[in-house]
Amino acid sequence: MTITFGSFDGVCSTAALVICPLMGTSGQGIEPTCYSRNVQIGKTLIFQPSTCFIHIVAIIMTAIMIYHIRSKYTAVGRKEIVMFFWMYMIIELLAMFLDSGIIPTSNVSYPWFAAVYTGLVAAAYCCLLINGFVGFQFAEDGTPVSLWLLRISCSVVFGASFFIAIATFKSYASFSPTKSVALFVVYLLWPILCVATYTISQLILVFRTLDDRWPFGDIIFGISFYAIAQVLLFAFSVTICNAITHYLDGLFFFTLCVLLSVMMVYKYWDSITREDLEFSVGSKAAVWEVKDPLLTASVTAPSTDYEEDASSYHAGAASLVGGVSGGQYYGSKQAYGGQGGYGQGGYGGARRAYPPTPTSEGY
């Protein structure tokens, strides 16, 4: 495969991208050399069925990750990173309809959906890029400044990418399917730039501010999955397709590896954030364990401390404040004789183990 800057001819002849049916000089799109088999369900022909299955799995996994992110109420950058996962979920949902042909390429709405898809992809990478700088606290996370900076930036990137895409598809202004340099930059180069910047920023963040080095593993796995996805799609898609007799192609492995890289983004963020348990409100009941032995003793046996305190006052009168009864007070005294005082049976008539009557030598 030969990739020429600004041209989708070489790219689309290898990979079955969403925008490929709208590119080329013939007006009929660019058909891949080899692509996955189709299946017919009822009267509907489903393209890329295996890739659609990965899209469904990605939607489910993203929903689980969003749930766990939202449950960490006090984690740093929670509101910023969850926006990236919401956008990824919408992209996967839209890609499922576009890749499968549920929205036919001949339909008049297909270019508009493809333009929305292109804008969302560019905006999602912009969101990831900005999240890479949240940890540096240029603006405090969760504040209106941080959130609106993220929203406005993603909106601007989405609007610009959407316009470039629809103008290229519809031949508006100076754009056309044969003049696709701007779309080439937005669709192929912009994601690589954002991922590279995010990776470098997180390596600096972990190296300079964190004592734990385990997050390096999450970063390495994430960037490895992303690089493998690009190689399998643009270099070995035709080889894979021919080797597996059209059951799978590079798009299947590309979608799977991108999902794994997104999961590594979540794993990395979860490993570098800690939650303040004092302000945490989780769905599960918190289990508090008393570590102080003094507190543990006072909880398990509160009467013992009072008896010890009371026993230190040998000359004073007994106090009932704090739940110390007369039996507890006088029962702990050994200074009173066996026959004298209150008798051997005490107040309740039960015989106590008083010491033997001292002899004359003891006094």
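Residues numbered from 1 in each chain as written. Predicted model: local features only at pLDDT ≥ 70, side-chain atom pairs only at ≥ 80, totals over all residues. Heavy atoms only, no water.

Caption draft 1: The packing of helix α6 (residues 181-209) against helix α9 (residues 250-272), seen in detail. Here α6 crosses α9 at 20°, and the two axes come no closer than 13 Å. Taken together, the axis directions place α6 and α9 in an arrangement best described as roughly parallel. Both α6 and α9 take part in a crossing whose hand is left-handed. Listed contacts from α9 to Y198, Q202, L205 and V206 of α6 are V265, Y268 and I272. Along the lines of polarity and charge, the residues of the contact of α6 with α9 split into six nonpolar, one polar and no charged. (Axes fitted to C-alpha atoms, helices over the stretch in contact; angles between N-to-C directions. Helix = DSSP H or I, 4+ residues; strand = E, 2+ residues; numbered from the N terminus. Parallel < 35°, antiparallel > 145°, perpendicular 65-115°, else oblique. Left-handed = near helix turned anticlockwise from the far one by under 90°. Contact = heavy atoms within 4.5 Å. Nonpolar A, V, L, I, M, F, W, Y, C, P; charged D, E, K, R; others polar.)

Caption draft 2: A look at the environment of M89. Structurally, the position occupied by M89 is in helix α3 (residues 78-100). For M89, a relative accessible area of 15% translates into the label buried. For M89, the contacting residues outside a window of four places in its chain are I59, T62, A63 and I66. (Buried < 20%, exposed > 50% of the residue type's maximum accessible area, 1.4 Å probe, protein only.)

Caption draft 3: Quick peek at the side chain of S271. Tracing the backbone through its elements, the reader meets S271 in helix α9. Apart from the residues within four sequence positions on either side, S271 is in contact with P215 and D218.

Caption draft 4: Summary view of the state of the cysteines. Under the counting rule described, the total for this entry stands at two disulfides. C12 shares a disulfide with C20; S-S distance 2.1 Å. Linking C12 and C20, the disulfide has an S-S dihedral of approximately -85° and is accordingly described as left-handed. Both residues of the pair, C12 and C20, belong to the buried class. Note on cysteine connectivity: C34 is disulfide-linked to C241, with sulfurs 1.9 Å apart. With the S-S dihedral at roughly -70°, the linkage between C34 and C241 falls on the left-handed side. Of this pair, C34 sits in the loop between α1 (9-14) and β1 (39-41) while C241 sits in helix α8 (residues 237-243), and the two are 207 residues apart along the sequence. Accessibility expressed as a relative area gives 0% for C241, which makes it buried. Across the protein chain, the disulfide pattern expressed with sequentially numbered bonded cysteines is 1-2, 3-4. This cysteine, C194, is not joined by any disulfide, and C126 carries the nearest cysteine sulfur, 6.4 Å off. (Disulfide = S-S within 2.5 Å.)

Caption draft 5: Broad picture of the pattern of salt bridges. Scanning all chains against the criterion turns up one salt bridge. Among the salt bridges present, the one from K72 reaches D270, with a minimum N-O distance of 3.1 Å. Here K72 is found in the loop between α2 (49-71) and α3, whereas its partner D270 is found in helix α9, with 198 residues between them in sequence. Exposure remark for K72: the relative accessible area of 11% places this residue in the buried category. Judged by its relative accessible area of 26%, D270 falls in the partly exposed class. (Salt bridge = Lys/Arg side-chain N within 4 Å of Asp/Glu carboxyl O.)

Caption draft 6: The packing of α2 against α3, seen in detail. It is at 9 Å that the axes of α2 and α3 come closest, and there the two elements cross at 165°. With respect to their mutual orientation, α2 and α3 come out roughly antiparallel. For α2 against α3, the interelement crossing comes out left-handed. Of the residues assigned to the contact of α2 with α3, the class counts are 17 nonpolar, four polar and four charged.

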